Amino acid sequence: MPDGWESFGERLTVDQLPEVAGKLLEAASDHTVWLFYGEMGSGKTTLIKAIGEQKGVEDGMSSPTFSIINEYDAADGRKIYHFDLYRIKNERELMELGAEEYFDSNELCLIEWPEKLGSLMPSDPFSIRLTTTGPHHRKIEFKKA
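Here the residue index of a chain counts from 1 through its sequence in written order. Totals for whole chains, interfaces and linings use every residue, but because this is a predicted model, local features are given only for residues with pLDDT of at least 70 and side-chain atom pairs only at 80 or more, for both listing and counting. Hydrogens and water molecules were not included; the side-chain quantities draw on all heavy atoms of the structure.

Chemist: Give me the overall build of the chain: which residues, what numbers.
Modeler: We count a stretch as a helix when DSSP gives it H or I for four or more residues in a row; a strand needs E for two or more, and each element gets its number in order from the N terminus. A count of helical and extended segments in the chain gives four helices and seven strands. Counting from the amino terminus, helix and strand elements in the chain follow one another as β-α-β-α-β-β-α-α-β-β-β. Here the globule rule reads 2.2 Å times residues to the power 0.38, and the radius of gyration is calculated from C-alpha atoms. Compactness check: the chain gives a C-alpha radius of gyration of 14 Å against a globular reference of 15 Å for 145 residues, within 12% of the reference. Expressed as lengths along the three principal axes of its C-alpha atoms, the size of the chain is roughly 40 × 35 × 25 Å. Taking all 145 residues of the chain together, the buried fraction comes to 46%. Only the protein chains shown count as covering a residue, and every accessible area follows the Shrake-Rupley method with a 1.4 Å probe. Looking at the chain as shown, the accessible area adds up to about 7700 Å², and 48% of this sits on carbon and sulfur atoms. His is not counted, nor are the chain ends; Lys and Arg add positive charge and Asp and Glu add negative charge. Charge placement uses NZ in Lys and CZ in Arg. For Asp and Glu, CG and CD serve respectively. For the chain, the separation between the mean place of its 16 positive charges and that of its 26 negative charges on side chains is 5 Å. Under the scheme applied here, a residue whose accessible area is under 20% of the maximum for its type counts as buried, over 50% as exposed, and between as partly exposed, the area being computed with a 1.4 Å probe on protein chains only.

See the structure below:
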């Protein structure tokens, strides 16, 4: 693709998310910071839950809209940090949360609403873009930095 985005298709359903999550984990190789782009209701959190399930997270994953960051344990003993930056107003709030330390931790950081990162945007992210293509269908694309 000319813009560097690779697609899994335009008519994906929720039933296909476990397979997509597995393929994303393969494609990301050793990228630890993943950015999830998509409008409200496009399925970012649902896809992140599928990724957590692929990594063996046993706790129920939910959107950290109010806590900003949720931490989970993967089956391999590693951590997964799920960020929802929707309510973040400025970079100072992210710095106070220690965002840079999380990003530098070499643990998996899954970030919704990365547009809010500003100058804290990691230099080598793995990006995922979700687009609503129908009431129950999504287009899911990915790109390595």
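Now, onward.
Chemist: Tell me about the pairing of strand β7 (residues 137-144), and name the residues and values.
Modeler: By the criterion of burial, β7 is predominantly enclosed, with six of the eight residues buried. Paired strands are those between which DSSP finds at least two bridges. Both strand β1 (residues 6-7) and β7 contribute to a ladder of two bridges, which runs antiparallel. Paired with serine 7 across the two strands is glutamate 141, which belongs to β7. The turn linking strand β6 (residues 126-134) back onto β7 is made up of two residues.

Chemist: Tell me about the layout of surface pockets, residues and numbers included.
Modeler: Empty pockets left among the atoms are what a rolling probe the size of a water molecule brings to light. Points on a 1 Å grid over protein atoms alone make up a cavity when a 1.4 Å probe fits among them but cannot get out, and a pocket when they form an open set with protein on both sides within 12 Å along at least five of seven lines; lining residues each have an atom within 4 Å of a point. Grid points are joined across faces, edges and corners, and a volume is the space filled by probe spheres set on the points. There is about 200 Å³ of room inside the largest pocket. In this structure, the largest pocket is lined by 14 residues; those nearest its centre are His31, Thr32, Lys55, Arg78 and Leu108. Any residue outside Ala, Val, Leu, Ile, Met, Phe, Trp, Tyr, Cys, Pro, Asp, Glu, Lys and Arg is labelled polar, Gly included; the first ten of those are nonpolar and the last four are charged. Its residues placed into classes, the lining of the largest pocket shows four nonpolar, four polar and six charged.

Chemist: I'd like a rundown of helix α2 (residues 44-54), residues and numbers included.
Modeler: Lys44, Thr45, Leu47, Ile48, Ala50, Ile51 and Gly52 are the residues of α2 that are buried. Those residues of α2 hidden inside the fold are in contact with α1 (17-28), β2 (33-37), β4 (79-84), β5 (108-112), β6 and β7. Looking at the residues trailing α2, positive phi occurs at glycine 56, about 85°. Note on contacts: a residue pair is in contact if any heavy atoms of the two residues lie within 4.5 Å.

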